[in-house]
Every structure is written in structure tokens, then in C-alpha cells.
Amino acid sequence: MPRNIIDVTDLTVKEINELIDTAEDIAANPEKYREACRYKQLATLFFEPSTRTRLSFESAMLALGGSVLGFSEANSSSAAKGETVGDTIHTVSCYADIIAMRHPKEGAPYAAAQYTEVPIINAGDGGHNHPTQTLTDLLTIHREKGRLGGFTIGFCGDLKFGRTVHSLVNALCRYEDVNFVLISPLELKLPRYVKEEALKKRGIPYKQTDSLEAVMPDLDILYMTRVQRERFFNEEDYLRLKDSYILTPEKLERAKADLSILHPLPRVNEISVAVDKDPRAAYWKQVKNGKFIRMALILKLLDIQV
Ligand code: CP
């Protein structure tokens, strides 16, 4: 059976820490890895739009000396003719050594994994999970803070549909001494199943609030998120909620001097462009880290040692 990454908990904490070590080595010595995946092929199957995830996967495989194939929208594949995800994956696994797949339906990568002989990576499934964004976030936190635990992290924005939040909460609750602050409007609270499975079951305390200003001074990490327009059932609700939080330099005046601001991107309005100049803004570094950690993950799943 191939090793698949459908959920971040498919990796142990030890494996995540090893991936971070490999990603650090890749960042420091990229030339060492230049031929590591020679003759290997990565397929990127994106049934939903993406900039960072798809291109960082492709850039990662190219930097490892491999090659890439795939599609960036469902309409350019035979899904448009009614082909099932299972048949698409069965087909692509005849051409590629490893598959990264994004799909608007929750659980689609899990279903797809039943039809493949090659490793499959969930590159985001609906409003559910996004494990490789989480690996990117963990690498970024590790690089910014020097540790993965012993801090207070605030998740702000659309915690209901934000799949990156669900995966990161699931990952961080396995580390020591992480305090969770959940900042959202009432309608966009973290789903009960994430709270139950990740936090309550482990007895991890958390705070819920709708006021970013009130908790700002407590935070070591602020994880901002976009309100996910594509997951709303009606436009009216989206328009009412979309600007619930807008991070500005003024709001950051009450934040810690060593706060780290993360955002999986894309952003819409929730972080003012003026914040980009703040040394606490880590989201552009986060984009770069996404390539290093995906390189490390590809090597691991293909069982390639460098
Ligand atoms: N963070 C993230 O998943 O970005 P894309 O949607 O651009 O891939």
C-alpha cells in the first residue's frame, strides 16, 4: 500500500519534526537535492483553484530534478465529461509516481486513495483539511519561534470553513503547552467536530471570542484567515461577514513585539497591505517555506534518502 497524506494526523509528531529538519537542510543546501527525484513524476490534479499549493508542489518537484504533469481546473480534465474521481486517479496513477490532489468535496482525496498504487497527498478538500499547508505553517512557526509549543496562538476569521485552521489545530494540539484562542463571529466559529476531536478530548483549554482587539496583547502567533466566499450558501451572509476583521498597523500597536503574523493566503481584505512592512509579518516567508516542506514530503513519500 502506498503512503498517503490525507490528514495531518497521518504523520506522527516525530515524522513532522523530521520533515521540518529535512526542509531546513533543503533551505540551507538546495544543490544537494537537485537530482534527488530524477526520472520521478509528480501529478498535480487541481479540481479547485490554487496559486501557492499547486505551484509550490510543482516548483518543489522541479527543484528535486523530477518532472510534473497535471491539470489546474476540473473543466480541462475528463471530469467535465462525467468521469469519477476514482477513475481519474486510477488513470493518473499509471503515469505518475506521486499525486497531489485538491478537490472541492470534503473526503474526495480519501476516496481517491482507494484507487491508487502511488502515494496521494491531499492538497485541500473543501472546507475540511489542508495538511500540507499545515506542514508549511509548522515550519514557519518553528523558524519564527524556534519551537513548536509553549506559546499562545490566535486563529482569527473564518474558522468554520477555513480548512487550514482545522488542520493546524489538529496538528498543534499534539504539541506541549499550546494555548488556543479562537477569534471569529458567531456564525464562523470552529466546527464542533474539530473542537471535540482535537481540543476537548485531550482536555486542552481554549478561549473563544469575537474581539481580536481584546486578545491581541496575549498572542505570540496570530493566524489570520480569509472569509471563504466559495463555501457560503448565500452571498448576503458573505457580504455581511467578509470584513469582520481587518488587521492594520494601528491594531498591532497593542500586540507583542515578537508576535508572528501568519496567513495561509490568498488574502482579500483581512490584512491591510501596510502590515506587510511590519517585521512581525511572516506570511511571505510562509509562502517560501511551502516549497521547502513539500520537497521534504515528496522525498519522504517516495522513500528517497539524500
Ligand atoms: N494557501 C493555499 O492553499 O493557497 P492556494 O489556494 O493559492 O493554493
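Further up the page is the structure itself.
Each value, and the rule that gives it
- Residues numbered from 1 in each chain as written.
- Predicted model: local features only at pLDDT ≥ 70, side-chain atom pairs only at ≥ 80, totals over all residues.
- Heavy atoms only, no water.
- 1 Å grid on protein atoms, 1.4 Å probe; cavity = no way out; pocket = protein on both sides within 12 Å on 5 of 7 lines; lining within 4 Å.
- Points joined across faces, edges and corners; volume = space filled by probe spheres on them.
- Nonpolar A, V, L, I, M, F, W, Y, C, P; charged D, E, K, R; others polar.
- Pairing = 2+ DSSP bridges.
- Helix = DSSP H or I, 4+ residues; strand = E, 2+ residues; numbered from the N terminus.
- Axes fitted to C-alpha atoms, helices over the stretch in contact; angles between N-to-C directions.
- Near = heavy atom within 4 Å.
- Polar contact = N/O pair within 3.5 Å; in protein donor to acceptor, adjacent residues only side chain to side chain.
- Areas by Shrake-Rupley, 256 points an atom, 1.4 Å probe, with all protein chains shown as cover.
- Contact = heavy atoms within 4.5 Å.
- Phe/Tyr/Trp six-rings, centres within 6.5 Å; stacked < 30°, edge-to-face > 60°.
- Buried < 20%, exposed > 50% of the residue type's maximum accessible area, 1.4 Å probe, protein only.
- Lys NZ or Arg CZ within 6 Å of the ring centre and 35° of its normal.
- Arc of directions from axis to C-beta.

(A) Representation of empty space enclosed by the protein. In total, this model carries two cavities of 30 Å³ or more according to the counting rule given. Arg52, Thr53, Ser56, Gln133, Thr136, His263, Pro264, Tyr283, Gln286, Val287, Gly290 and Arg294 are the residues that line the largest cavity. Residues of the lining of the largest cavity, tallied by class, amount to three nonpolar, seven polar and two charged. In this structure, the second largest cavity spans a volume of roughly 40 Å³. If you trace the second largest cavity, you find it lined by Arg226, Val227, Tyr238, Lys242, Asp243, Val268, Asn269 and Glu270.

(B) A look at the sheet that holds strand β2 (residues 67-71). Pairing in this open sheet of four strands is parallel, and the strands run β2-β1-β3-β4 from one edge to the other. Two strands in the sheet have a free side with no partner beyond their single neighbour: β2 and β4 (120-125). Ignoring which end each strand starts from, the neighbouring axes of this sheet average 15° apart. Where strand β1 (residues 41-46) and strand β3 (residues 98-103) come together, five bridges link them in parallel fashion.

(C) Local environment of the site of the ligand. Around the ligand, the structure places Ser50, Thr51, Arg52, Thr53, Arg102, His130, Gln133, Pro264 and Leu265. Interatomic distance of 3.0 Å between a backbone N/O atom of Arg52 and an oxygen atom of the ligand. In this structure, Leu265 approaches the ligand through a main-chain N or O atom, which is 2.9 Å from a nitrogen atom. When the ligand sits alone it has 250 Å² of accessible area, and the protein chains cover 92% of it.

(D) Structural context of the side chain of Asn4. One can find Asn4 in the segment before α1 (13-28). A polar side-chain atom of Asn4 sits 2.9 Å from the main-chain amide nitrogen of Ile120. Not counting the four nearest positions on each side in its chain, Asn4 is found in contact with Asp10, Ala113, Val118, Pro119 and Ile120.

(E) Layout of the packing of aromatic side chains. Inspection of the entire model under this criterion finds six aromatic pairs. Each ring, one from Phe155 and one from Phe180, has its centre 6.3 Å from the other, and the planes form 10°; the classification is stacked. Of this pair, Phe155 sits in strand β5 (residues 151-156) while Phe180 sits in strand β6 (residues 178-183), and the two are 25 residues apart along the sequence. The residues Phe155 and Phe180 share a single accessibility class, namely buried. Consider the rings of Phe161 and Phe232, whose centres lie 5.4 Å apart with planes at 55°: the pair is tilted. Separated by 71 residues along the polypeptide, Phe161 in the loop between β5 and α6 (163-172) and Phe232 in the loop between β8 (221-224) and α9 (235-241) bring together distant segments of the chain. Each member of the aromatic cluster is reached from another via a ring pair, and the members are Phe155, Phe180 and Tyr223. Just above the ring of Phe57 sits the side chain of Arg294; from NZ or CZ to the centre is 5.1 Å.

(F) Here's a closer look at the environment of His130. When you line up the elements, His130 lands in the loop between β4 and α5 (131-145). Residues His130 and Ser260 lie 130 residues apart in sequence; the distance between their C-alpha atoms is 21 Å. Every residue in contact with His130, bar those within four places of it in the chain, is listed here: Thr53, Arg102, Ala123, Gly124, Arg163, Thr164, Ser167 and Arg294. Here the side chain of His130 touches Arg102 through a polar contact of 3.1 Å, side chain to side chain.

(G) Local environment of helix α3 (residues 85-92). Among the residues of α3, Gly86, Thr88, Ile89 and Val92 are the ones counted as buried. Burial along α3 is one-sided: seen end-on, the buried residues are contained in an arc of 165°. In this fold, the buried residues of α3 make contact with β1, β2, β3, α4 (108-112) and β4.

Function-wise, these values are silent; they only describe arrangement.
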